[in-house]
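# Fold and contact review
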Amino acid sequence: MSFVKVQVHGACGTIVINRPEKRNAISRNMLADLTQALGDLYLERRVRAVILTGAGTTFCAGMDLSEIHASQQENDSHRQWGEDSRQFLELITDLLQFPKPLIAAVAGPAVGGGAGLVLGCDLVIASPTANFGLPEPRRGIVAGIVAPLLAFRVGGGQAARLLLNSETIEAAEAHRIGVYHEIVAEDKNWARSVEVANQCARGAPEALQLTRRLLYETIAGQLETQLAAGAAASATARTTEAANEGISAFLEKREPKWK
Ligand code: ACO
């Protein structure tokens, strides 16, 4: 598992997204590693709560735009984008259906699909560097899978604001609107996240699992259907000329030119 590190300390498991040189961008291999890591910690009985965090200066820069760009040059790109969306949807579904509390320990930007990983967790401990945003429209694509999760967490109004203006907000603003639950200094983030994980772990495992099901299946009602629709929108958006231009512009470090 080269892109993900898994650690266990007592009742607390940790998944570290570990591709700092590419700002923890989620490649296809990393997606598989994350799914595997969650599966392993699901089965690890002594683990009662799990922390998700990123190595280096960024929590996670979202989906790997180089991989998407490479697919744009291939003949079976539509099939590949459908498959990419399906796999990200599967990861988000695994987060929501995970039986143990999930804590995101966020330092540095959490954007695009990285924002989605944060929103898939129950509690979010962030540092002042933890900017949050959905830059997808500036890449010519759509944050289809993140949109319903964001609306579920912070309501339709704030979701529309963040999804449409592509603004990356500061950690304090993300805290104000309820995406982040606590802001702590970067050097204290880890200790505080472990403390929160251990607080959660004091609850009965069955009660925690049932509470998560209540939250993400009953209260979140239509979320599963909305996520599936979002995955389709996300895959479709990648087939457009705008996606080609937006992603090329990011990789060429220039502003996109829209028609
Ligand atoms: N996909 C592929 N490569 C990436 C990504 C990404 N999402 N994000 C960063 N990288 C790469 C850069 O291309 C660069 O590679 P290089 O060293 O070969 O040139 C390297 O990571 C470092 O990136 P910088 O931009 O120089 O890092 P910086 O610390 O200045 O900024 C930040 C970090 C803010 C996260 C910035 O990289 C960024 O905005 N990334 C793209 C975010 C984005 O658009 N995400 C949405 C993706 S689409 C989706 O998730 C559905």
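In what follows, the structure referred to is the one given above.
Bear in mind the structure is a predicted one, so any value in this text is a computation, not a measurement.

## Digging into the sheet that holds strand 2 (residues 12–17)
- Spatially, 1-2-3-4-6-8 is the arrangement adopted by the six strands of the open sheet, whose pairing is mixed. Of all the strands in the sheet, the pair left with one neighbour each is strand 1 (4–9) and strand 8 (182–183).
- Here strand 2 runs beside strand 3 (residues 49–54); their pairing, made up of six bridges, is parallel. Bridging from a neighbouring strand, Ile15 pairs with Leu52 of strand 3.

## A short note on the packing of aromatic side chains
- All chains considered together, the criterion is met by three aromatic pairs.
- Consider the rings of Tyr42 and Phe98, whose centres lie 6.2 Å apart with planes at 70 degrees: the pair is edge-to-face. You can see Tyr42 sitting in helix 1 (residues 28–43) and its partner Phe98 sitting in the loop between helix 3 (77–97) and strand 4 (102–106), a full 56 residues away along the chain.
- Of the residues examined, Phe98 reaches a relative accessible area of 2% and is grouped as buried.
- Between the aromatic rings of Phe152 and Tyr216, the centroid separation amounts to 6.1 Å while the plane-to-plane angle is 75 degrees, which identifies the pairing as edge-to-face. Here Phe152, found in helix 5 (residues 146–154), pairs with Tyr216, found in helix 9 (residues 205–219); they are 64 residues apart in sequence, far enough to count as distant.
- Of the residues examined, Tyr216 reaches a relative accessible area of 8% and is grouped as buried.
- The ring of Phe3 carries the charged tip of Arg19 above its face, separated from the ring centre by 5.5 Å.

## Here we look at the pattern of salt bridges
- Following the criterion strictly, the structure yields 18 salt bridges and no others.
- One salt bridge in this structure joins Asp122 and Arg212, with 2.9 Å as the shortest N-O distance. Here Asp122 is found in the loop between helix 4 (113–119) and strand 6 (123–126), whereas its partner Arg212 is found in helix 9, with 90 residues between them in sequence.
- We classify Arg212 as buried; its relative accessible area is 4%.
- Between Arg254 and Glu245 there is a salt bridge, with its nearest N and O atoms 2.8 Å apart.
- Here Arg254 falls in the partly exposed class, since its relative accessible area comes to 30%.

## Quick notes on the packing of helix 2 (residues 65–72) against helix 3
- Between helix 2 and helix 3, the least distance of the axes is 9 Å, while the angle of their chain directions is 150 degrees. Between helix 2 and helix 3, the interaxial angle falls into the category roughly antiparallel. In the packing of helix 2 onto helix 3, the handedness of the crossing is left-handed. Contacts between helix 2 and helix 3 involve Ile68, Ser71 and Gln72 on the former and, on the latter, Ser77, Gln80 and Trp81.
- Here the residues of the contact of helix 2 with helix 3 are counted per class, giving two nonpolar, four polar and no charged.

## Brief notes about the site of the ligand
- Surveying the vicinity of the ligand reveals 19 residues, the closest of which are Lys22, Arg23, Met63, Leu65 and Arg139.
- Arg139 is positioned such that a nitrogen or oxygen atom in its side chain is 2.5 Å from an oxygen atom of the ligand.
- The contact in question runs from an oxygen atom of the ligand to an N or O atom on the side chain of Lys253, over 3.0 Å.
- Contact with the protein chains covers 71% of the free accessible surface of the ligand, which is 930 Å².
- Of the residues in the shell around the ligand, the class split is eight nonpolar, four polar and seven charged.

## Things to note about the pairing of strand 3
- For strand 3, a buried count of six out of six residues is recorded, marking the element as mostly surrounded by other parts of the structure.
- Side-chain alternation along strand 3 places Ala49, Ile51 and Thr53 on one buried face and Val50, Leu52 and Gly54 on a second face that is also buried.
- Note that strand 3 and strand 4 share four bridges and pair parallel. Its bridge partner lying in strand 4, Val50 is registered against Leu102.

## Points about the nonpolar core
- The biggest cluster of nonpolar side chains holds 64 residues, and the ones touching the most others in it are Val106, Leu117, Phe132 and Tyr180.
- Tallying contributions element by element places helix 3 first for this core, with seven residues.
- Counting residues in hydrophobic clusters, the runner-up holds ten residues, among them Ala49, Ile51, Val196 and Cys200.

Criteria and thresholds
- Residues numbered from 1 in each chain as written.
- Predicted model: local features only at pLDDT ≥ 70, side-chain atom pairs only at ≥ 80, totals over all residues.
- Heavy atoms only, no water.
- Pairing = 2+ DSSP bridges.
- Helix = DSSP H or I, 4+ residues; strand = E, 2+ residues; numbered from the N terminus.
- Phe/Tyr/Trp six-rings, centres within 6.5 Å; stacked < 30°, edge-to-face > 60°.
- Buried < 20%, exposed > 50% of the residue type's maximum accessible area, 1.4 Å probe, protein only.
- Lys NZ or Arg CZ within 6 Å of the ring centre and 35° of its normal.
- Salt bridge = Lys/Arg side-chain N within 4 Å of Asp/Glu carboxyl O.
- Axes fitted to C-alpha atoms, helices over the stretch in contact; angles between N-to-C directions.
- Parallel < 35°, antiparallel > 145°, perpendicular 65-115°, else oblique.
- Left-handed = near helix turned anticlockwise from the far one by under 90°.
- Contact = heavy atoms within 4.5 Å.
- Nonpolar A, V, L, I, M, F, W, Y, C, P; charged D, E, K, R; others polar.
- Near = heavy atom within 4 Å.
- Polar contact = N/O pair within 3.5 Å; in protein donor to acceptor, adjacent residues only side chain to side chain.
- Areas by Shrake-Rupley, 256 points an atom, 1.4 Å probe, with all protein chains shown as cover.
- Core = buried A, V, L, I, M, F, W, Y, C linked by side-chain atoms within 4.5 Å.

Read these as geometric descriptors, not functional statements.
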